[in-house]
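Now for the letters of each chain:
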Protein chains: 2
Amino acid sequence: MPATANPLSRLYNDLKRLGNADLKSPRVTDALVHLCELSLDYIRQHTKMSQLTSRVTGKRYMMAVLNSGAKSSRPINSDLFDIRIARSDMESLMSGNTDNFGEQRLQQVLYTTALSFCIATDVISVGNRKSPGTFFETLVGHLAAIKFGVNPSKTIAIPSLDIENTLPTDLIFDLGTGRAKVHMPVKISTRERVVQAWAHQRVLEGMHGTGRFRGILVILTETNKQKDISVVEVCLPGQWAAYQMYISAMYRVYYFDLPKAYEPLKDRYPFIPVWPFSRFFTEYATIRSPPAT
Amino acid sequence: MPATANPLSRLYNDLKRLGNADLKSPRVTDALVHLCELSLDYIRQHTKMSQLTSRVTGKRYMMAVLNSGAKSSRPINSDLFDIRIARSDMESLMSGNTDNFGEQRLQQVLYTTALSFCIATDVISVGNRKSPGTFFETLVGHLAAIKFGVNPSKTIAIPSLDIENTLPTDLIFDLGTGRAKVHMPVKISTRERVVQAWAHQRVLEGMHGTGRFRGILVILTETNKQKDISVVEVCLPGQWAAYQMYISAMYRVYYFDLPKAYEPLKDRYPFIPVWPFSRFFTEYATIRSPPAT
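Residues numbered from 1 in each chain as written. Chains lettered and ligands numbered in written order. Predicted model: local features only at pLDDT ≥ 70, side-chain atom pairs only at ≥ 80, totals over all residues. Heavy atoms only, no water.

A. The pairing of strand S3 (residues 61-66) of chain B, seen in detail. All names here are of chain B. Burial within S3 is extensive, with six of its six residues counted as buried. Summarising the sheet, strand S1 (residues 47-51) and S3 pair through five bridges and their orientation is antiparallel. In the strand pairing of S3, Met49 is matched with Ala64. Of the strand pairs in this sheet, S3 and strand S4 (residues 76-77) are connected by two bridges, and their pairing is antiparallel. Bridged to Met62 within S4 is Ile76. (Buried < 20%, exposed > 50% of the residue type's maximum accessible area, 1.4 Å probe, protein only. Helix = DSSP H or I, 4+ residues; strand = E, 2+ residues; numbered from the N terminus. Pairing = 2+ DSSP bridges.)

Dropping the structure here:
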């Protein structure tokens, strides 16, 4: 195993550069496919999967452990991760051709590609710790940009009587005149930091009016590996309800691995629509539609 | 130097226990004085001060370096830190007798006691990384509890038509019928996480009405030691303005080491009242007063 060089660095840096230039482009499609494939190759060659004790009802988790035993990865949902995924499946996903997958397979393809680079980075662990977050934002941003047909921006001007100010934001998609704009925070996991998403949505609504922006929060997972090698999901449903009631209303929350404790939130007041991210690919046209009155 | 034992652990654990039992009590006064004194003793015996290159106009910074050279501390404001502080000054502060200090000396006594445990923990670095944050919240909470004459709580019930829910919060002081309540988030530093304070203030106002809670954010410093051993202050004044305009209005922001870039915020729209924490000790009676209409 390499001690100082990270075999994924060059491709990761290429992806970042291409994503900043034109996020929805076929070159980003290719870079994502290459990076995911190289990551999965690394995992297959240098690690073994080891079962974890799942404390989440109905879900099984494992982790990748380096053959040397020196390092292990974050938890991996065994039913969503397909280590033998075909390159053609990744190519279909990354170019936005998702109609033939079926809901369950689409969830697997999404989860496997998203986890690939994160797992490889966990066990290589050379270089900066922010790279899984940047990779994940690039992946989600690319898929959304293809479906929306427009690249996102990451700043917004604050309109005010006598103040010139721009605010750095998460991904903002301007879908054109007469349509809502999309405010899309993208996070690997959230914990207590999740309030940022509701607060930024509130700022956007304060600046531009209610209904002008649809807040769509996209999250990978809330799993946490405990010291005793068991897996839990860290969830704060009561706090989410307070944020949805008193700060702003999220239009959708999408998860790659939807936590059990958040499943009921869409069916009870204040009705936070939490869904698997696979659903985005069938309802993005609804999201693009003009706001109902 | 001790390799595995932390000489401050026992006193720190005592302080936590006593603070949870009765934060404004004389026993917490004593525990704080003891812990600060032991921390300063450790710094005097095991470290030397080394100048840092300050990139902040008008401020000088240094750091404590272990005599072995193995570890160094966070930046220390040379004009606010008095390594030779008298025990009697710490006793006066911790028992709430601050009237005889004068503004500038009060700032030094506050900063020196707050930094003492943080610096010692930086160079000892055994045990958990959360202890400086817990220590600082206990220090600020104790001083505020003495002035307000009441202990804070850390949860609040969410009143709603058909939902039973409690929300964990920062310090909440209930000052009695007819007075505003105080919502006091306490942070070592904030960066982009600062939006939490405005968001939680918004939740409280949404639940209980505007003006019911006065939001008072207390922060130690925003200094950051760069790789080249220079010191900067990480400030986001434009974002603070947006939060104050569109999320909620903070009643006060107090700093132990007030960042240069936040000084002008109190004098221009949206007028965020940012002050040195020393000012709290002369205006706490104003904070306790009934809300103006």
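And the narrative resumes.
B. Representation of the sheet that holds S3(B) in the model. All names here are of chain B. If you walk across this open sheet you meet the three strands as S1-S3-S4, and the pairing is antiparallel. Two strands close off the open sheet at either side, each with one partner strand: S1 and S4. In the packing of helix H2 (residues 26-46) onto the sheet, the strands contacted are S1 and S3, and the crossing angle to S1 comes to about 80°. (Contact = heavy atoms within 4.5 Å. Axes fitted to C-alpha atoms, helices over the stretch in contact; angles between N-to-C directions.)

C. Here's a closer look at the packing of aromatic side chains. For the structure on display, the rule yields 36 aromatic pairs over all chains. When the ring of Phe117(A) is compared with that of Phe135(A), the centres are 4.9 Å apart and the planes differ by 35°; the resulting orientation is tilted. One end of the pair, Phe117(A), is in helix H4 (residues 103-124); the other, Phe135(A), is in helix H5 (residues 131-148), and 18 residues separate them in sequence. Judged by its relative accessible area of 0%, Phe135(A) falls in the buried class. Their ring planes at 85° and their centres at 6.2 Å tell us that Tyr269(A) and Phe271(A) sit as a pair that is edge-to-face. Phe271(A) gets classed as partly exposed once you look at its relative accessible area, which sits at 46%. When the ring centre of Tyr251(B) is taken as origin, the NZ or CZ atom of Arg252(B), which lies over that ring, is 4.6 Å away. When the ring centre of Trp275(B) is taken as origin, the NZ or CZ atom of Lys266(B), which lies over that ring, is 4.8 Å away. (Phe/Tyr/Trp six-rings, centres within 6.5 Å; stacked < 30°, edge-to-face > 60°. Lys NZ or Arg CZ within 6 Å of the ring centre and 35° of its normal.)

D. Focus on the side chain of Arg252(A). Residues and elements named next belong to chain A. By the element assignment, Arg252 lies in strand S11 (residues 252-255). With relative accessibility at 12%, the residue Arg252 sits in the buried group. Setting aside anything within four residues of it in sequence, one finds Arg252 in contact with Gly215, Ile216, Leu217, Pro273, Trp275 and Glu283.

E. Representation of the relation of the copies chain A and chain B. Rotating chain A by 180° about the axis while translating it 0.0 Å along that axis superimposes it on chain B, leaving an RMSD of 0.0 Å. The superposition of one copy onto the other is thereby described by a two-fold rotation axis. Ranked by how close their C-alpha atoms come to the rotation axis, the residues of chain A are headed by Ala199(A), at 2.9 Å. A shared binding surface is used by both copies, with 100% of the interface residues of chain A retained as interface residues in chain B. (Least-squares fit on C-alpha atoms with pLDDT ≥ 70 in both.)

F. Broad picture of the packing of helix H1 (residues 9-21) of chain A against helix H2 (residues 26-46) of chain A. Residues and elements named next belong to chain A. Taken N-terminus to C-terminus, the directions of H1 and H2 make an angle of 160°; their axes are 9 Å apart at the nearest point. One way to sum up the angle between H1 and H2 is to call them roughly antiparallel. The element H1 and its partner H2 pack so that their crossing is left-handed. For the pair formed by H1 and H2, the contact residues are Leu11, Tyr12, Leu15, Leu18 and Gly19 on the first element and Arg27, Val28, Ala31, Leu32, His34, Leu35 and Leu38 on the second. Counted by class, the contact of H1 with H2 contains nine nonpolar, two polar and one charged residues. (Parallel < 35°, antiparallel > 145°, perpendicular 65-115°, else oblique. Left-handed = near helix turned anticlockwise from the far one by under 90°. Nonpolar A, V, L, I, M, F, W, Y, C, P; charged D, E, K, R; others polar.)

G. Examining helix H6 (residues 195-208) of chain B more closely. Residue and element names in this part refer to chain B. For H6, built from 14 residues, the straight-helix expectation of 20 Å at 1.5 Å per residue is met to within 8% by its first-to-last C-alpha distance of 20 Å. Across the 14 residues of H6, eleven count as buried, placing the element largely inside the fold. Those residues of H6 lying buried are Val195, Gln196, Ala197, Trp198, Ala199, His200, Gln201, Val203, Leu204, Glu205 and Met207. Note on H6: the residue one or two positions beyond its end, Gly209, has a positive phi of about 100°. (Expected span 1.5 Å × (residues − 1).)

H. Structural view of the packing of H5(A) against helix H8 (residues 280-288) of chain A. Residue and element names in this part refer to chain A. Closest axis-to-axis distance for the H5/H8 pair is 10 Å, and the angle between their directions is 55°. Classed by the angle they form, the pair H5 and H8 counts as oblique. At the point where H5 passes H8, the crossing takes the right-handed sense. Facing Leu143, Ala144, Lys147 and Phe148 of H5, the residues of H8 in contact are Phe280, Phe281, Tyr284, Ile287 and Arg288.

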